[in-house]
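Spelled out, the chains give:
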Amino acid sequence: MTIYCCFNFCMFSVHVSIYGLVQGVGYRRWLKMNCDKNNLFGWTRNSSDGSVECFLQGDREKINTFLILCWEGPENSEVEDVLEKEGKKEETLNSFEIL
């Protein structure tokens, strides 16, 4: 995770890949709903290998909580693995989008 601090607010960035039965079950819509609720910015998209990937930016505690939620996913998903790696801050993000 990359940390960026400005005016006593630290922003973290992380790139996440979610593996298992995660495409065609509303996983990206579920991600957007939860990111919007938690004021996290970024994007999500389906990957050609059958996983869902997302980029998250926001408060560290909220991102950590969100990463735990990723293991649950929406009702019809079956998550096998959630991998995260350091992300690079994107200055222009101000919402969470499904690509």
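Residues numbered from 1 in each chain as written. Predicted model: local features only at pLDDT ≥ 70, side-chain atom pairs only at ≥ 80, totals over all residues. Heavy atoms only, no water.

(A) A look at the environment of Cys54. Along the chain, the position of Cys54 falls in strand β4 (residues 52-58). The exposure class of Cys54 is buried, given its relative accessible area of 0%. Spatially, the C-alpha atom of Cys54 lies 9.5 Å from that of Glu84, the residues being 30 residues apart in sequence. Those residues within four positions of Cys54 in sequence are excluded, and the remaining contacts are Val14, His15, Val16, Ile18, Leu31, Trp43, Thr44 and Phe96. (Helix = DSSP H or I, 4+ residues; strand = E, 2+ residues; numbered from the N terminus. Buried < 20%, exposed > 50% of the residue type's maximum accessible area, 1.4 Å probe, protein only. Contact = heavy atoms within 4.5 Å.)

(B) Seen up close, the packing of helix α1 (residues 27-37) against helix α2 (residues 60-70). In contact at an axis separation of 11 Å, α1 and α2 are set at 155° when each is read in the N-to-C sense. The angle between α1 and α2 places the two elements in the roughly antiparallel class. Crossing hand, α1 versus α2: right-handed. The segment α1 lies against α2, with Tyr27, Trp30, Leu31, Asn34 and Cys35 engaging Phe66, Leu69 and Cys70. For the contact of α1 with α2, the per-class residue count stands at 7 nonpolar, 1 polar and no charged. (Axes fitted to C-alpha atoms, helices over the stretch in contact; angles between N-to-C directions. Parallel < 35°, antiparallel > 145°, perpendicular 65-115°, else oblique. Left-handed = near helix turned anticlockwise from the far one by under 90°. Nonpolar A, V, L, I, M, F, W, Y, C, P; charged D, E, K, R; others polar.)

(C) Representation of the pattern of salt bridges in the model. Counted under the stated rule, the structure contains 2 salt bridges. Asp36 is the partner of Lys32 in a salt bridge, and the nearest nitrogen-oxygen pair spans 3.0 Å. One end of the pair, Lys32, and the other, Asp36, are both in helix α1, 4 residues apart, so they sit about a helical turn from each other. Judged by relative accessible area, Lys32 falls into the partly exposed class, the value being 25%. (Salt bridge = Lys/Arg side-chain N within 4 Å of Asp/Glu carboxyl O.)

(D) Geometry of the environment of Met33. Mapped onto the secondary structure, Met33 falls in helix α1. Along the chain, Met33 and Phe96 lie 63 residues apart, while their C-alpha atoms are 9.0 Å from each other.

By themselves, these observations are geometric and do not establish any function.
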